[in-house]
Amino acid sequence: MSSKKKYRENFKKAVKMEIREHKSSFAVYMIIRSIVFLVMIRQAFNGNYENVFMCILTLLLLTVPSFIQVRFRIELPKTLEIIILLFIFSAEILGEVNEFYLKIPYWDTILHTLNGFLAAAIGFSLVDLLNSDDRLVFNLSPFFVAVVAFCFSMTIGVLWEFFEFFADYFLKLDMQKDTVIHSINSVLLNPDGINVPYHIKGITSTVVNGVDLGINGYLDIGLIDTIKDLLVNFIGAVVFSVIGYFYTKKKGKGYIAPNFIPRPKDDGADFLKMLEDEESGR
């Protein structure tokens, strides 16, 4: 057997071992996985094959936390791992398949806020790992680490909005949800053709190609949704950056931050290394 094939087999075994490592996160994983399978079967019977694909994607995404832990030899805190699993389920199965984005007000806002918080935690951990590595000459201030975590989170948020825009533009989707508004300010509509905003208030209907859309207002196609998503991402990023600042300032002491900050794996929990050592007879 080639060395590459052995590595792939050991990697798969290590991922399975990683999934089962913590009883609490494994229980959440199995419950969510079972629900997704049931949803997928139901969607298949109903002929909703796009949702079937969404379920398959969700099943793959649920293995990502374990994949990352094995591949990069880091340990995700149980709390962080469980929240990531619930986030994937909430976004894909509840949000997309069960249409919570449409049925439940602020569902999208809640998830974007949480995303900002989690992305800041990941950004913080990346810098903190470098900052605490004896092989590297780093002595970063708590404020700098917090700022980097905040910027990392906002960058992830912006890249996601880019993805939504291009998906809507090229794939004709509607990831940037529309918002009904009742006033607009537009230079383009100024009847005098000058660079002065023309204000239109009290809009009660919109007609497109002679057809009244029946929306009792004007349609903003994504701008408000994008800015709102970035704003709540900003809030989530600020919250964790403040938590991370005090965590670093107190030299790793705190109750909240350790539940969200990945750490390098101990040898006893590095399943891939254990399998490789076992195979080599060490």
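Now for a look at the structure at hand.

**Describing the overall build of the protein chain**
Then step 1. In terms of helices and strands, the protein chain carries 10 helices and 8 strands.
Then step 2. In summary, the protein chain has a C-alpha radius of gyration of 24 Å against a globular reference of 19 Å for 282 residues, an excess of more than 25%.
Then step 3. Its C-alpha atoms give the protein chain principal-axis dimensions of about 80 × 55 × 35 Å.
Then step 4. Relative to its full complement of 282 residues, the protein chain shows a buried share of 38%.
Then step 5. Put simply, 65% of the contacts in the protein chain that link residues at least 6 apart link residues at least 24 apart.

**Let's talk about the packing of helix H1 (residues 3-19) against helix H4 (residues 64-72)**
Then step 1. The geometry of H1 relative to H4 is characterised by a closest axis approach of 9 Å and an angle of 120° between their N-to-C directions. On the basis of their axis angle, the class for H1 and H4 is oblique. The crossing of H1 and H4 is right-handed. Note on element contacts: H4 touches H1 through Ser66, Phe67, Gln69, Val70 and Arg71, opposite Phe11, Ala14, Val15, Glu18 and Ile19.
Then step 2. Among the residues forming the contact of H1 with H4, the class breakdown is 6 nonpolar, 2 polar and 2 charged.

**Overview of a nonpolar patch on the surface**
Then step 1. On the surface, a cluster of nonpolar side chains totalling about 950 Å² of accessible area is made up of Ile156, Leu159, Phe162, Phe165, Phe166, Tyr169, Phe170, Leu171 and Leu173.
Then step 2. Owing to a relative accessible area of 47%, Leu159 belongs among the partly exposed residues under this scheme.

**Structural notes on the environment of Lys177**
Then step 1. Along the polypeptide, Lys177 turns up in the loop between helix H8 (142-171) and strand E2 (179-181).
Then step 2. A relative accessible area of 31% places Lys177 in the partly exposed class.
Then step 3. Separated by 43 residues in sequence, Lys177 and Asp220 have C-alpha atoms that sit 8.8 Å apart.
Then step 4. Not counting residues up to four positions away in its chain, the partners in contact with Lys177 are Gly222 and Asp225.

**Some details on the pattern of salt bridges**
Then step 1. The full count for this structure, using the stated rule, is 7 salt bridges.
Then step 2. Close ionic contact of Lys265 with Glu18 constitutes a salt bridge, the shortest N to O distance being 3.1 Å. On the criterion of sequence distance, the pair formed by Lys265 in the loop between strand E8 (263-264) and helix H10 (271-280) and Glu18 in helix H1 is long-range, its members being 247 residues apart. Per residue, the accessibility class of Lys265 equals that of Glu18, and both read buried.
Then step 3. Across the pair Lys265 and Glu75 runs a salt bridge whose closest N-O atoms are separated by 2.5 Å.

**A short note on helix H5 (residues 78-97)**
Then step 1. Here H5 is 20 residues long and its end C-alpha atoms lie 27 Å apart, about the 28 Å a rise of 1.5 Å per residue gives.
Then step 2. Its maximal kink placed at Ser90, H5 deviates by approximately 30°.
Then step 3. Within H5, 14 of the 20 residues are buried, which leaves it mostly tucked inside the rest of the structure.
Then step 4. Downstream of H5 by one or two residues, Glu99 has phi in the positive range, about 60°.

**Brief notes about unusual backbone geometry**
Then step 1. Backbone geometry at Glu99 places phi at a positive 60°, although glycine is not the residue there.
Then step 2. Of note, the phi angle at Tyr106 is positive, near 70°, even though the residue is not glycine.
Then step 3. Looking at the secondary structure, you find Tyr106 in the loop between helix H6 (100-103) and helix H7 (107-131).
Then step 4. Take Tyr106: its relative accessible area is 63%, and that puts it in the exposed class.

**Some words on the side chain of Ser186**
Then step 1. Of note, Ser186 is situated in strand E3 (residues 184-186).
Then step 2. The buried category is assigned to Ser186, whose relative accessible area is 17%.
Then step 3. Within the local environment of Ser186, its side chain forms a polar contact with the backbone nitrogen of Leu188, the two atoms lying 3.2 Å apart.
Then step 4. A polar contact is formed between the side chain of Ser186 and the backbone nitrogen of Leu189, at a distance of 3.3 Å.
Then step 5. With residues near it in sequence (within four places) discarded, Ser186 still touches Val196, Pro197 and Tyr198.

**A word on H10**
Then step 1. Every buried residue belonging to H10 is among Phe271, Leu272, Leu275 and Asp277, and all of these are buried.
Then step 2. Lining the buried residues of H10 we find H1 and H4.

**Quick look at the packing of aromatic side chains**
Two descriptors summarise a pair of aromatic rings, namely the distance from one centre to the other and the angle between the planes of the rings.
Then step 1. Scanning all chains against the criterion turns up 14 aromatic pairs.
Then step 2. Pairing Phe117 with Phe240 gives two aromatic rings, centres 5.2 Å apart and planes at 85°, and the pair type is edge-to-face. Taken together, the positions of Phe117 in helix H7 and Phe240 in helix H9 (residues 223-249) put the pair 123 residues apart, joining distant regions of the chain. Across this residue pair, the class does not change: Phe117 and Phe240 are buried.
Then step 3. Geometrically, the ring pair formed by Tyr245 and Phe246 is edge-to-face, given 5.1 Å between the ring centres and 80° between the ring planes.
Then step 4. Here the aromatic cluster, defined as three or more aromatic residues joined through ring pairs, consists of Phe117, Phe124, Phe240, Tyr247 and Phe260.
Then step 5. The residue whose ring lies beneath Lys172 is Tyr169, and the NZ or CZ to ring-centre distance is 6.0 Å.

Conventions we followed
Residues numbered from 1 in each chain as written. Predicted model: local features only at pLDDT ≥ 70, side-chain atom pairs only at ≥ 80, totals over all residues. Heavy atoms only, no water. Helix = DSSP H or I, 4+ residues; strand = E, 2+ residues; numbered from the N terminus. Rg over C-alpha atoms; globule rule 2.2 N^0.38 Å. Buried < 20%, exposed > 50% of the residue type's maximum accessible area, 1.4 Å probe, protein only. Contact = heavy atoms within 4.5 Å. Axes fitted to C-alpha atoms, helices over the stretch in contact; angles between N-to-C directions. Parallel < 35°, antiparallel > 145°, perpendicular 65-115°, else oblique. Left-handed = near helix turned anticlockwise from the far one by under 90°. Nonpolar A, V, L, I, M, F, W, Y, C, P; charged D, E, K, R; others polar. Patch = residues over 30% accessible without salt bridge, like charges linked within 9 Å, V, L, I, M, F, W, Y side chains within 5 Å. Areas by Shrake-Rupley, 256 points an atom, 1.4 Å probe, with all protein chains shown as cover. Salt bridge = Lys/Arg side-chain N within 4 Å of Asp/Glu carboxyl O. Expected span 1.5 Å × (residues − 1). Bend = angle between axes of the 7 residues up to and from the residue. Polar contact = N/O pair within 3.5 Å; in protein donor to acceptor, adjacent residues only side chain to side chain. Phe/Tyr/Trp six-rings, centres within 6.5 Å; stacked < 30°, edge-to-face > 60°. Lys NZ or Arg CZ within 6 Å of the ring centre and 35° of its normal.

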